[in-house]
Amino acid sequence: MSFLFKKQLVAAGITLTVLSTQVAASELQSVQQAQLAPMSQVSLPDVNGGVASLSDFKGKVVLVDFWASWCGPCRQSFPWMNQLQDTYRAEGLEVVAINLDQEAELAKAFLQDVPAQFTVLLDTDAQLPDEYGVMGMPSSYLIDRNGKIRAQHIGFHSDRVKDYEDSIKALLAE
């Protein structure tokens, strides 16, 4: 199911609750098995009026988090991602949240309630979700210093935070 089709379902009032509560956490893939993050050169506006692309973070471990303003689990994940950014920035972690709302104002309103202390990009034209295989909200991809996707998970589950952080620490140590 394409992301655009999922957005149309949401617009029609059909929710994706099953997808947002599912988890598809993956163990760290080996460097040899991991694929390069797709479309890393695509530049997107950020919420502060700038522009960035994932390639700007090459050489760092990047947690890419696709989210939307209507996503309940996203509200829970933002404080954790703020803590991650604060704790591991000096070791080379960058959290990059990519909002998929069609209207940037929805993302900005969300951020008034749930502030982000990390990079937030706006993909109002849905350029990236299909390329990454986004299946639910939030969907996170852990990218190593060489630009390869080494882990991914769908949804946010506070009881799995330790596992998520262990994967991040392992990549930071490489």
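Parameters at a glance
Residues numbered from 1 in each chain as written. Predicted model: local features only at pLDDT ≥ 70, side-chain atom pairs only at ≥ 80, totals over all residues. Heavy atoms only, no water. Disulfide = S-S within 2.5 Å. Buried < 20%, exposed > 50% of the residue type's maximum accessible area, 1.4 Å probe, protein only. Core = buried A, V, L, I, M, F, W, Y, C linked by side-chain atoms within 4.5 Å. Helix = DSSP H or I, 4+ residues; strand = E, 2+ residues; numbered from the N terminus. Contact = heavy atoms within 4.5 Å. Pairing = 2+ DSSP bridges. Axes fitted to C-alpha atoms, helices over the stretch in contact; angles between N-to-C directions. Expected span 1.5 Å × (residues − 1). Bend = angle between axes of the 7 residues up to and from the residue. Phe/Tyr/Trp six-rings, centres within 6.5 Å; stacked < 30°, edge-to-face > 60°.

Colleague: Please clarify how the state of the cysteines should be interpreted in this entry.
Modeller: Here, the word disulfide means a covalent bond between the sulfur atoms of two cysteines. According to the stated counting rule, one finds one disulfide in the structure shown. Across the disulfide from C71 sits C74; the S-S distance is 2.3 Å. Between C71 and C74 the disulfide shows an S-S torsion of about 85°. By sign, it is right-handed. Residue C71 is classed as buried on the basis of its relative accessible area, which comes to 3%.

Colleague: Sorry, what's going on with the nonpolar core here?
Modeller: For soluble globular proteins, the rule of thumb is that nonpolar side chains tend to be buried together. F66, W67, F78, I98 and Y132 are the most contacted members of the largest nonpolar core, which has 50 residues in total. Where this core is concerned, the elements lending two or more residues are strand 4 (61–67), helix 3 (72–88), strand 5 (93–99), helix 4 (104–113), strand 6 (119–122), strand 7 (139–143), strand 8 (148–154) and helix 6 (161–173).

Colleague: What's the story with unusual backbone geometry in this structure? I'm lost.
Modeller: Most of the time, phi is negative for any residue but glycine, and the peptide bond is trans. For the bond from M137 to P138, the omega torsion is -15°, close enough to zero to count as cis. Here P138 is to be found in the loop between helix 5 (129–132) and strand 7. A positive phi angle is found at M39, which is not glycine, with a value near 55°. Relative to the helices and strands, M39 resides in the loop between strand 1 (35–36) and strand 2 (44–45).

Colleague: Sorry if this is basic, but what is going on with the environment of F78 here?
Modeller: In this structure, F78 sits in helix 3. On the basis of relative accessibility, which here comes to 0%, the residue F78 falls in the buried class. Between the alpha carbons of F78 and D65 there is a distance of 9.7 Å; along the sequence they are 13 residues apart. Look past the residues within four positions of F78 in its chain and what remains in contact with it is D65, W67, A97, F110, L111, V114, P115, A116 and F118.

Colleague: Looking at this model, I keep getting lost on the sheet that holds strand 4. Mind explaining?
Modeller: Two modes of strand pairing occur in sheets, parallel and antiparallel, and in both the strands are linked by backbone hydrogen bonds. If you trace the six strands from one edge of the open sheet to the other, you get 1-8-7-4-5-6, paired in mixed fashion. Of all the strands in the sheet, the pair left with one neighbour each is strand 1 and strand 6. The pairing of strand 7 with strand 8 spans five bridges and is classified as antiparallel. Looking at the pairing, I143 lines up with I149 of strand 8. Strands in contact with helix 3 are strand 4 and strand 5; relative to strand 5, the strand with the most contacts, it is inclined by about 155°. Contacting strand 4, strand 5, strand 7 and strand 8, helix 6 crosses the sheet at an angle of about 25° to strand 7.

Colleague: Which parts of the structure should I look at to understand helix 3?
Modeller: In an α-helix, one full turn covers 3.6 residues, which means residues spaced three or four apart are oriented alike. The end-to-end C-alpha distance of helix 3 is 25 Å, a good match for the 24 Å that 17 residues give at a rise of 1.5 Å each. Its maximal kink placed at F78, helix 3 deviates by approximately 30°, while the proline P79 follows within four residues. Taken together, the buried positions of helix 3 are occupied by P73, C74, S77, F78, W80, M81, N82, L84, Q85 and Y88.

Colleague: Help me understand the packing of aromatic side chains in this model?
Modeller: Any pair of aromatic rings gets described here by the distance separating the centres and the angle formed by the planes. Scanning the model with the defined rule gives nine aromatic pairs in all. Plain terms: the ring middles of F78 and F110 are 5.1 Å apart, the flat faces sit at 70° to each other, and that makes the pair edge-to-face. Residue F78 is located in helix 3, and its partner F110 is located in helix 4; the two are separated by 32 residues in the primary sequence. Relative accessible area serves as the criterion here: at 2%, F110 is assigned to the buried category. Ring geometry for W80 versus Y164: centroids 5.7 Å apart, planes at 55°, classification tilted. Remark: Y164 occurs in helix 6 and W80 occurs in helix 3; sequence separation between them is 84 residues. The same class applies to W80 and to Y164, which are both buried.

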